Amino acid sequence: YFSQCSVAVDCRDLGIMAATLAGGGRNPVTGERAAQPATVRKVLTLMASCGMYDGAGEWLYRVGLPAKSGVGGGIIAVLPGQLGVAVYSPPLDRHGNSVRGVRVCRDLSRELDLHLVHGGRHGASPIRAIYTLAQHGSMRRRDGQEAEQLARAGTQAIVAELQGDLDFRAVELVARRFTQASARPRYALLDLARVDDVDTAIVGLLADLAALFAGRDGALVLSSAQHHTDALAALRDAADEHAVPAPRTFDELDVALEWVEDRLCGIGESERAGPRVELSGHEALAGLSAEQMAVVTAYLEPRTYPAGELIQPVGEPAGELLLITAGALSIVLELADGGERRLDTIAPGMLVGELALAGGGPRTTSVRADTDVECFAIGADALERLRGEDPVLRAALLANLVRIAGRRADRLGRHLQALAG
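Residues numbered from 1 in each chain as written. Predicted model: local features only at pLDDT ≥ 70, side-chain atom pairs only at ≥ 80, totals over all residues. Heavy atoms only, no water.

A closer look at the overall build of the protein chain
Looking only at helices and strands, the protein chain has 13 helices and 16 strands in total. Its C-alpha atoms give the protein chain a radius of gyration of 30 Å, more than 25% over the compact-globule value 22 Å for 421 residues. Expressed as lengths along the three principal axes of its C-alpha atoms, the size of the protein chain is roughly 105 × 40 × 35 Å. Taken across its 421 residues, the protein chain has 46% of its residues classed as buried. Taking the contacts inside the protein chain whose residues are at least 6 apart along the sequence as the reference set, 73% of them involve residues at least 24 apart. Carbon and sulfur atoms make up 54% of the accessible area of the protein chain, which amounts to about 21100 Å² in all. Of the charged side chains in the protein chain, 43 are positive and 54 negative, and the gap between their average positions amounts to 8 Å. (Helix = DSSP H or I, 4+ residues; strand = E, 2+ residues; numbered from the N terminus. Rg over C-alpha atoms; globule rule 2.2 N^0.38 Å. Buried < 20%, exposed > 50% of the residue type's maximum accessible area, 1.4 Å probe, protein only. Contact = heavy atoms within 4.5 Å. Areas by Shrake-Rupley, 256 points an atom, 1.4 Å probe, with all protein chains shown as cover. Lys, Arg positive; Asp, Glu negative; His and termini not counted. Charge placed at Lys NZ, Arg CZ, Asp CG, Glu CD.)

Some details on the layout of surface pockets
For the largest pocket, the calculated volume is near 750 Å³. The wall of the largest pocket is formed by 22 residues, among which Gln4, Cys5, Val9, Leu14 and Gly70 lie closest to the centre. At the level of secondary structure, the elements contributing two or more residues to the lining of the largest pocket comprise helix H1 (2–5), helix H2 (11–22), helix H3 (37–50), strand E1 (67–69) and strand E2 (74–79). When the residues that make up the lining of the largest pocket are grouped by side-chain class, the tally is 14 nonpolar, six polar and two charged. (1 Å grid on protein atoms, 1.4 Å probe; cavity = no way out; pocket = protein on both sides within 12 Å on 5 of 7 lines; lining within 4 Å. Points joined across faces, edges and corners; volume = space filled by probe spheres on them. Nonpolar A, V, L, I, M, F, W, Y, C, P; charged D, E, K, R; others polar.)

A look at unusual backbone geometry
If you check the backbone angles, Tyr53 has positive phi at about 60° while not being a glycine. Its location among the elements puts Tyr53 in the loop between H3 and helix H4 (56–62). In this structure Tyr53 comes out as partly exposed when scored by relative accessible area, which is 28%. Unlike most non-glycine residues, Ala243 shows phi in positive territory, near 60°. Tracing the backbone through its elements, the reader meets Ala243 in the loop between helix H9 (229–242) and strand E8 (248–250).

Things to note about the nonpolar core
With 29 residues, the main nonpolar core has Leu162, Leu166, Val174, Phe178, Leu190, Leu192 and Leu206 as its most contacted residues. Of all the secondary-structure elements, those providing two or more residues to this core are strand E5 (157–166), helix H7 (168–179), strand E6 (187–198), helix H8 (203–215), strand E7 (219–223) and H9. The element that contributes the greatest number of residues to this core is H8, accounting for six residues. Setting aside its immediate chain neighbours within four residues, Val174 contacts Ile127, Ala160, Leu162 and Leu190. (Core = buried A, V, L, I, M, F, W, Y, C linked by side-chain atoms within 4.5 Å.)

A short note on the packing of aromatic side chains
Throughout the structure, instances matching the rule amount to three aromatic pairs. Between Phe178 and Phe213, the aromatic rings sit 6.2 Å apart at their centres with planes inclined by 80°, giving edge-to-face as the arrangement. Here the residue Phe178 occupies a position in helix H7, and Phe213 occupies one in helix H8, the gap between them amounting to 35 residues. Taking relative accessible area as the criterion, Phe213 reaches 0% and is therefore assigned buried. An aromatic cluster is defined as three or more aromatic residues linked by ring pairs; in this entry it consists of Tyr187, Phe250 and Trp259. (Phe/Tyr/Trp six-rings, centres within 6.5 Å; stacked < 30°, edge-to-face > 60°.)

In structure tokens, the structure reads:
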């Protein structure tokens, strides 16, 4: 017994021992198995019952973790399957346990809700999906140089869609996945749309993550966080206290993805709309001759819309096409809970309103201007007049519109398939 107690260890060694027991006997540093799961179960049972000498009962009641104390002032505590804790401070209490060590473990258990006898809310993984922007991006269309830039730099942003309760164990798992990523990402995005509760005890760890990514010339980004106002307020306070940038927050995942993409592409807030496109280069008018362009132009009505305006609300008749020449728009679906989801984005050179060709039925989605917008409108009645006046021109326009609608439907289908996967 004296020889066993005389093994020279430091606090890191103790932490690895505790983590090995928490991992079912596998060393978390080397990956080697140090003990079989059956042995670990027996060891943890003994630790829970008598590992803290005569103070074991009170320890289990107040701290709730299997633990082993040494008379040298060290303590290891284990939450099976989750984590191991090691503390060291020589002054002992009347039971032979470290005075400060007991208090530290008690505070950790209370503040981070680590007690073994817990409500059992942590069966499922807190990570519903994790990916980089190289694997799955926003609905904002990226062409040419931007698409090439994201293909190269997309691994610099990692996204985690979370679920369940966001507590210390969940955030620790997410933080480990982020910090151990081989690409050393500059941006980390946490989506909280499916998170039921955010424990305010984890704001310090989130502030540390914000500092980490700010140090990499990036940022920590939160989306769908608007229902967790108390946690957000605590997080901003923690960021101020640590003198680090507070995480950027967005109401919707797709908008947050777009913001990160813009940063990776070097696009500023005022540059979102993209370059202006002349009518002659518009996708809806591709392949038309100069004479045909002159005929079509006579039917077009110039329009402008300010940023934020709802251009085509859901439920209104779809009676016209808008050919966008400047600015950016979003097609959004209104959700039953009062929120919305962006289905597509419209940039210069694109159009909205294909349903005008289907008889002007009511719109099932809305169109909103993200920036100031310039466009040209052509009504369904004008398209119908072209049937008699210039059927060849009308056929050319319809062919372009069908091709555009097919490409948009294919893109939306691939996006929904990625979300489902």
